[in-house]
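For reference, the chains in residue letters:
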Amino acid sequence: VSYDSNDRPYVRVDTFDAGWRLKGSVGVDVPAPVMVHDSALTEGYVVILDFPLTIRPRRLLADSFPVEYEPQHGARIGLVPRSGGGETMWFDVESGVVLHAANAHEDGDGNVIVHG
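Residues numbered from 1 in each chain as written. Predicted model: local features only at pLDDT ≥ 70, side-chain atom pairs only at ≥ 80, totals over all residues. Heavy atoms only, no water.

**Q** Is there a simple way to explain unusual backbone geometry in this structure?
**A** Proline 9 follows arginine 8 through a cis peptide bond whose omega is -5°. With a phi angle near 65°, tryptophan 20 is a residue other than glycine that sits in the positive phi range. Inspection of the secondary structure assignment puts tryptophan 20 in the loop between strand E2 (11-16) and strand E3 (22-28). Even without a glycine there, the phi angle at aspartate 63 is positive, about 60°. Relative to the helices and strands, aspartate 63 resides in the loop between helix H1 (58-61) and strand E7 (67-69). (Helix = DSSP H or I, 4+ residues; strand = E, 2+ residues; numbered from the N terminus.)

**Q** Is there a simple way to think about the layout of surface pockets in this case?
**A** A water-sized probe rolled over the atoms picks out the places where empty space is left. The space that makes up the largest pocket amounts to roughly 230 Å³. Lining the largest pocket are 14 residues; nearest its centre among them are Val13, Asp14, Thr15, Val46 and Arg82. Taken together, the elements giving at least two residues each to the lining of the largest pocket come down to E2, E3 and strand E8 (75-81). Partitioning the lining of the largest pocket into residue classes produces seven nonpolar, five polar and two charged. (1 Å grid on protein atoms, 1.4 Å probe; cavity = no way out; pocket = protein on both sides within 12 Å on 5 of 7 lines; lining within 4 Å. Points joined across faces, edges and corners; volume = space filled by probe spheres on them. Nonpolar A, V, L, I, M, F, W, Y, C, P; charged D, E, K, R; others polar.)

**Q** How should I be thinking about empty space enclosed by the protein in this particular structure?
**A** Within this structure, the stated rule accounts for one cavity of 30 Å³ or more. One number sums up the size of the largest cavity: a volume of about 50 Å³. If you trace the largest cavity, you find it lined by Met35, Val36, His37, Asp38, Leu49, Phe51, Leu53, Val97, Val98 and Leu99. In terms of residue class, the lining of the largest cavity is made up of eight nonpolar, one polar and one charged.

**Q** When you look at the sheet that holds E2 in this model, what are you seeing that I'm missing?
**A** In sheet architecture, strand pairing relies on hydrogen bonds along the backbone and comes in two forms, parallel and antiparallel. The strand order across the open sheet formed by three strands is E1-E2-E3, and the pairing between neighbours is antiparallel. At either end of the open sheet lies a strand with only one pairing partner, and these are strand E1 (2-3) and E3. In the sheet, E2 pairs with E3 via six bridges, with the strands oriented antiparallel. Bridge pairing in E3 links phenylalanine 16 to leucine 22. (Pairing = 2+ DSSP bridges.)

What follows is the structure in structure tokens.
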């Protein structure tokens, strides 16, 4: 998982083969250039934490720290299929900041559980 603070899609999920050759890349569109500090993996999904901690390089030009909390962008958790097919599923959550995912897994009913 990587992100770009200047161009859309701001977040990208790359997959590699056993020899570390790029197999594919999926753009994940988020509404603002967020700082993706961590992500998680389950058997079937890459878990994206889209929280309103934005990174804007133009703040450096104003002699400011480039990362800022912008709660007006909302917060959500995205599930990107690891198979490379299908759309990202988004789930709105309470606005805040989660820097690290402690664990994520799929339960027996197919639900994805994320611990932050």
